[in-house]
Amino acid sequence: MQWRNTSARYGLVSVLLHWLVALVVFGLFALGYWMVGLSYYDPWRQSAPDLHKSIGILLFAVMLLRLLWRLFSPAPAALASHGRLTRLASRLGHGLLYLGLFGVMISGYLISTADGRGINVFGLFSVPATLTGIPQQEDIAGAIHEYLAWGLVIFAGLHGLAALKHHFIDRDSTLLRMFGR
């Protein structure tokens, strides 16, 4: 398998970034869903949010890398069997996934830094708080984070269902291309 995308298929870097982001997004969603139900005395009450934030910051870096890679190695052309509407839906869907991802991560950053403290990432480095003092910042960013996270996971699920539809109903190579074939 080649590293870069070709006009017909995704390369190894794009495939790995795609599946890594998918796993991390669903993992962070599960962690976030679980941690909001923790009681005050739960031993994970502090470590779960720290883990969630650290992974979220690293995901942000991976997404920036993914955007740069997409500029360096553009996605393969749409399949000839895809009509105009399918191509438009694909572009809009991928755009919404990217916007949703960055929206969730930025709102998470705004929640975590509302009190003026930076985000410690696995004890290795800290991301400083740059936007603070917005009225009700933590509450508003928290609501946005929650709704965007639900929307992102639901939309990513629909994205997966669309890939399965292409594979099993349309019998085209859409899904196989995201496995580098």
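Residues numbered from 1 in each chain as written. Predicted model: local features only at pLDDT ≥ 70, side-chain atom pairs only at ≥ 80, totals over all residues. Heavy atoms only, no water.

1. Overview of the overall build of the chain
Phase 1 of the analysis: Scanning the chain for helices and strands turns up 5 helices and 2 strands.
Phase 2 of the analysis: Starting at the N terminus and ending at the C terminus, the chain contains elements arranged as α-α-α-β-β-α-α.
Phase 3 of the analysis: In terms of overall dimensions, the chain has C-alpha extents of about 55 × 30 × 30 Å along its principal axes.
Phase 4 of the analysis: Looking at the chain as a whole, 33% of its 181 residues qualify as buried.
Phase 5 of the analysis: For the chain, restricting intrachain contacts to residue pairs at least 6 apart in sequence, the fraction spanning at least 24 positions comes to 68%.
Phase 6 of the analysis: Put simply, the chain shows about 11500 Å² of open surface, and 69% of that area lies on carbon and sulfur atoms.
Phase 7 of the analysis: Measuring between centres, the 14 positive side-chain charges of the chain sit 20 Å from its 8 negative side-chain charges. (Helix = DSSP H or I, 4+ residues; strand = E, 2+ residues; numbered from the N terminus. Buried < 20%, exposed > 50% of the residue type's maximum accessible area, 1.4 Å probe, protein only. Contact = heavy atoms within 4.5 Å. Areas by Shrake-Rupley, 256 points an atom, 1.4 Å probe, with all protein chains shown as cover. Lys, Arg positive; Asp, Glu negative; His and termini not counted. Charge placed at Lys NZ, Arg CZ, Asp CG, Glu CD.)

2. Let's talk about the UniProt feature "domain: Cytochrome b561 bacterial/Ni-hydrogenase" (unreviewed entry) in the chain
Phase 1 of the analysis: Under the local residue numbering, the UniProt record ascribes the feature "domain: Cytochrome b561 bacterial/Ni-hydrogenase" (unreviewed entry) to residues 9–180.
Phase 2 of the analysis: Along residues 9–180 one finds 69% helix and 3% strand; the C-alpha atoms at either end are 6 Å apart. (UniProt positions renumbered as here; feature names shortened; annotations may be inferred.)

3. Re the environment of valine 21
Phase 1 of the analysis: Looking at where valine 21 falls in the secondary structure, it is placed in helix α1 (residues 12–35).
Phase 2 of the analysis: As a C-alpha pair, valine 21 and leucine 59 span 38 residues in sequence and 7.2 Å in three-dimensional space.
Phase 3 of the analysis: In this structure, valine 21 is in contact with Leu59, Val62, Met63, Arg66 and Leu101, ignoring residues within four places of it in sequence.

4. Side note on the packing of aromatic side chains
Phase 1 of the analysis: All told, the structure shown has 8 aromatic pairs when counted by the stated rule.
Phase 2 of the analysis: Note on phenylalanine 29 and tyrosine 33: the rings are 6.4 Å apart at their centroids and 15° apart in plane angle, and the pair reads as stacked. Taken together, the residues phenylalanine 29 and tyrosine 33, both in helix α1 and 4 residues apart, mark about one turn of the helix.
Phase 3 of the analysis: You can call phenylalanine 29 buried: its relative accessible area is 19%.
Phase 4 of the analysis: On the numbers, 4.8 Å between centres and 85° between planes, the contact of phenylalanine 29 with tryptophan 150 is edge-to-face. Highlighted residues: phenylalanine 29 in helix α1 and tryptophan 150 in helix α4 (residues 137–168), separated in sequence by 121 residues.
Phase 5 of the analysis: Judged by relative accessible area, which is 37%, tryptophan 150 ranks as partly exposed. (Phe/Tyr/Trp six-rings, centres within 6.5 Å; stacked < 30°, edge-to-face > 60°.)

5. Here's the deal with unusual backbone geometry
Phase 1 of the analysis: Although it is not a glycine, glutamine 136 adopts a positive phi angle of roughly 55°.
Phase 2 of the analysis: The phi dihedral of arginine 171 falls on the positive side, at around 55°, and the residue is not glycine.
Phase 3 of the analysis: Within the secondary structure, arginine 171 sits in the loop between α4 and α5 (174–177).

6. Things to note about α1
Phase 1 of the analysis: Compared with the 34 Å implied by 1.5 Å per residue over 24 residues, the 34 Å span of α1 between its first and last C-alpha is a close match.
Phase 2 of the analysis: Those residues of α1 not exposed but buried are Ser14, Val15, Leu17, His18, Val21, Val25, Leu28, Phe29, Leu31, Gly32 and Met35. (Expected span 1.5 Å × (residues − 1).)

7. Structural notes on the UniProt feature "transmembrane region" (unreviewed entry) in the chain
Phase 1 of the analysis: Following the UniProt record, one finds the feature "transmembrane region" (unreviewed entry) at residues 12–35, 55–72, 92–111 and 147–164.
Phase 2 of the analysis: With 100% helix and 0% strand, residues 92–111 has its two end C-alpha atoms placed 28 Å apart.
Phase 3 of the analysis: In residues 147–164, the share of helix is 100% and the share of strand is 0%. The end C-alpha atoms are 26 Å apart.

8. Quick word on the packing of helix α2 (residues 44–72) against helix α3 (residues 84–112)
Phase 1 of the analysis: It is the contact of α2 with α3, at a shortest axis distance of 10 Å, that shows an interaxial angle of 145°. You can see that α2 and α3 cross each other, and the crossing is left-handed. Contact residues: α2 offers Lys53, Gly56, Leu59, Phe60, Met63, Leu64, Arg66, Leu67 and Arg70, while α3 offers Tyr98, Leu101, Phe102, Met105 and Ser112. (Axes fitted to C-alpha atoms, helices over the stretch in contact; angles between N-to-C directions. Left-handed = near helix turned anticlockwise from the far one by under 90°.)

9. Some words on the environment of arginine 87
Phase 1 of the analysis: With respect to the element layout, arginine 87 can be found in helix α3.
Phase 2 of the analysis: Measuring from C-alpha to C-alpha, the distance between arginine 87 and alanine 77 comes to 9.8 Å, with 10 residues separating the pair along the chain.

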